[in-house]
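# Report on the structure
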Amino acid sequence: MERLDERPFPPGEYDVVVVGSGPGGLQTAYSLARTGIPRCAVISRDSAPGGMFRRFPVYQRLISWTKPDAPFERGTREYEWYDHNSLVGEERAHQALVPEFMDRAFDVPARHEMEAALVEFATRGGVRVRHGCEWLSTRRDDAGFVLETSDGEYRCRVCVFAIGVTEPWVAPIPGLEAAPHYVAANAPERYQGKSVFIVGKRNSGFELAQGLLPWARRIVLGSPRPVDTSMLAFSPLSIRYLSPYTEHIRGGTGSYVVDAAIERVERHADGYRIHASGTTWEGELELESDEVIAATGFRAPVRDLPSVGVAMVNDGRMPAQTPYWESISVPGIYFAGNVTQASPGLRKHGATSSSGSVNGYRYNARVLAQHIAEKHFGIRLERRPLEVDEVVPYLLGELAHAPELWTQKGYLVRMVGVDGADGFRNEGIVPLADFVDREGGDACAVAVEYDADGTIIPVVYLRQGGRLVEHPLPRHPLHSFGTDEHRQQVAACLAPLLCRKATASRV
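Residues numbered from 1 in each chain as written. Predicted model: local features only at pLDDT ≥ 70, side-chain atom pairs only at ≥ 80, totals over all residues. Heavy atoms only, no water.

With that out of the way, let us pick up the overall build of the chain. Counting its regular elements, the chain contains 10 helices and 23 strands. For 507 residues, the compact-globule estimate of 2.2 N^0.38 gives 23 Å, and the C-alpha radius of gyration of the chain, at 24 Å, lies within 12% of that figure. If you line up the chain on its principal axes, its C-alpha atoms span 90 × 55 × 45 Å. Counting only residues that meet the buried cut, the chain has 54% of its 507 residues in that class. (Helix = DSSP H or I, 4+ residues; strand = E, 2+ residues; numbered from the N terminus. Rg over C-alpha atoms; globule rule 2.2 N^0.38 Å. Buried < 20%, exposed > 50% of the residue type's maximum accessible area, 1.4 Å probe, protein only.)

Following this line, the structure appears as structure tokens:
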């Protein structure tokens, strides 16, 4: 087996070039290698696998959980739902690696445990990467793209940028540029006895506040929008970072969460003065603080991609993408990893995808690899045929246990298509937005989604004769969707398709 310190993929011509060796890049490279595309190169400026987990989270403990012992055995497909941090492989030795490194002090791994698991995945899965090769610029040519790197030029038909959303972004607040960003925060003990104002109330802001609770004298988190606890039902992330918020609700603890627009930050000899105005309350706020930290988020390090035509969204922080994570404006440029969160999906009832986290984008990467193989190289992966009487049990099984559907609720679906006169064929996991919008033959799909009340429900989609019908199925208190009632309703929903095929097969 090739050692990780060796440097494959010298500059030259390739079919696909993947940029990045974080979890998104590793999963994409692993999946591409199994499609049959002959020449796939992976390059990374880092010295070893790990990507963002070589640096973040700054206070070391992840927010996504892994359950080392679960109702299903490690390495099974069903176990993946209980392990939100491991990458997914095709062999048992490549599966469920994060729990092998956890000390179980928490149900969420430490940063170094996650990094070690990613290195192990690359080693066991044979993911070859040319480390120490930094992507510098991009241009188009007649054959596709040319990536200029610190090692030379890479030419390819398709490129996949698994570059993360890791470049600090500072909100345009006067004076805030004088304060350190999240990425430059000191160790927690350096804030002992100090008052700290954190600008921002998203994951990174609450991570900092959680880490500072045992040290800081006073902590204030401020941003215009209130904390929306109702969204916790839609989130795959642990809520342990919300301890500062619960302390604020109780009152009198020195932890405050303020809904306020930060108007300016003034630096003076003894610290900072923050000027803000209420958003959910009326009034002005002037606050003295020893330290200010800007937890205002990140942007994707896209370098010169906008200059070659890549459209951007979210204040220019992320590239705009199709449901298959392709640039909406430059065909052939794809994205992987947590930047795929910029592909919004249908957002039914306001629910978003889990594409910003490993547990979601690991499945995106597998779908992406298959899509690239078929669309750009004509490599159609084998689709298993299904008999008429297999369709309902198969889809019920997917609703019960498919980790792709349970993790990427309302974003990914299992699709079954009508296969001529021979019956049905499993068309794999596809984005819901693609299934809904695509033109084509008769087909059906199942998804796990949220209803308007935030309750998890199964949904059946039927496309027949160019008409699409959506069938929400009954909820269940234990999320058991294999009951007789569900079986009967799935069969009833699909009856127009199944009955027609059954009749045709007897003729």
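On we go.
Moving on, we get to the sheet that holds strand β20 (residues 423-431). Strand order in the open sheet formed by 6 strands is β18-β20-β19-β21-β22-β23, and the pairing between neighbours is antiparallel. Of all the strands in the sheet, the pair left with one neighbour each is β18 (385-386) and β23 (467-472). Relative to strand β22 (residues 456-464), strand β21 (residues 443-450) runs antiparallel, the two sharing 8 bridges. Each bridged residue has a counterpart across the sheet, and for Y450 the counterpart in β22 is I456. (Pairing = 2+ DSSP bridges.)

Let us look at the nonpolar core. V16, F161, I333, I372 and L494 are the most contacted members of the largest nonpolar core, which totals 128 residues. With 9 residues, the top contributor of residues to this core is helix α6 (residues 358-377). Those residues within four positions of I372 in sequence are excluded, and the remaining contacts are V16, L32, I37, V158, V160, Y334 and F377. By size, the runner-up hydrophobic cluster in this structure holds 18 residues, among which are V258, A260, I262 and A276. (Core = buried A, V, L, I, M, F, W, Y, C linked by side-chain atoms within 4.5 Å. Contact = heavy atoms within 4.5 Å.)

Under the defined criterion, the tally for this structure stands at 3 cavities of 30 Å³ or more. Here the largest cavity is characterised by a volume of approximately 110 Å³. (1 Å grid on protein atoms, 1.4 Å probe; cavity = no way out; pocket = protein on both sides within 12 Å on 5 of 7 lines; lining within 4 Å. Points joined across faces, edges and corners; volume = space filled by probe spheres on them.)

Here F56 and P57 are connected by a cis peptide whose omega angle stands at 0°. Here P57 shows up in the loop between β2 (40-44) and α2 (98-101). The phi dihedral of R104 is positive, around 65°, even though this residue is not glycine. Considering the arrangement of structural elements, one finds R104 in the loop between α2 and α3 (111-124).

Turning to the pattern of salt bridges, a few remarks are in order. Within this structure, the stated rule accounts for 39 salt bridges. Between E153 and R139 there is a salt bridge; the shortest N-O distance is 3.1 Å. Placement of E153 in strand β6 (residues 152-161) and of R139 in strand β4 (residues 135-141) is noted, with a sequence separation of 14 residues between them. Residue classification places E153 among the partly exposed positions, given a relative accessible area of 30%. Between K201 and D259 there is a salt bridge, with its nearest N and O atoms 3.2 Å apart. Within this pair, whereas K201 is found in the loop between β8 (195-199) and α4 (203-212), its partner D259 is found in strand β10 (residues 255-268), the two being separated by 58 residues in sequence. (Salt bridge = Lys/Arg side-chain N within 4 Å of Asp/Glu carboxyl O.)

Let us now look at the sheet that holds β10. Spatially, 6 strands are ordered β12-β11-β10-β9-β8-β13 in an open sheet, and the strand pairing comes out mixed. On the outer flanks of this sheet lie β12 (284-289) and β13 (291-294), each paired with one strand and no other. In this sheet, neighbouring strand axes are inclined to one another by 40° on average, regardless of whether the strands run parallel or antiparallel. Strand direction decides the pairing type here: β8 and β13, joined by 4 bridges, are parallel. Across the sheet, the residue bridging to F197 is V292, located in β13. (Axes fitted to C-alpha atoms, helices over the stretch in contact; angles between N-to-C directions.)

On to the environment of P496, then. Relative to the assigned elements, P496 resides in helix α10 (residues 484-506). Its relative accessible area of 40% is what places P496 among the partly exposed residues. Between the alpha carbons of P496 and A70 there is a distance of 39 Å; along the sequence they are 426 residues apart.

Turning our attention to the pairing of strand β9 (residues 218-223). With 5 of 6 residues buried, β9 is to be regarded as a mostly interior element. Bridge count for β8 against β9 is 5 bridges, and the pairing is parallel. Its bridge partner lying in β9, I198 is registered against L221. Handedness of the crossover is the feature at issue here: the chain leaves β8, passes through α4, returns alongside β9, and the resulting connection is right-handed. With 5 bridges connecting them, β9 and β10 associate as parallel partners. (Right-handed = clockwise from strand over helix to strand, strands pointing away.)

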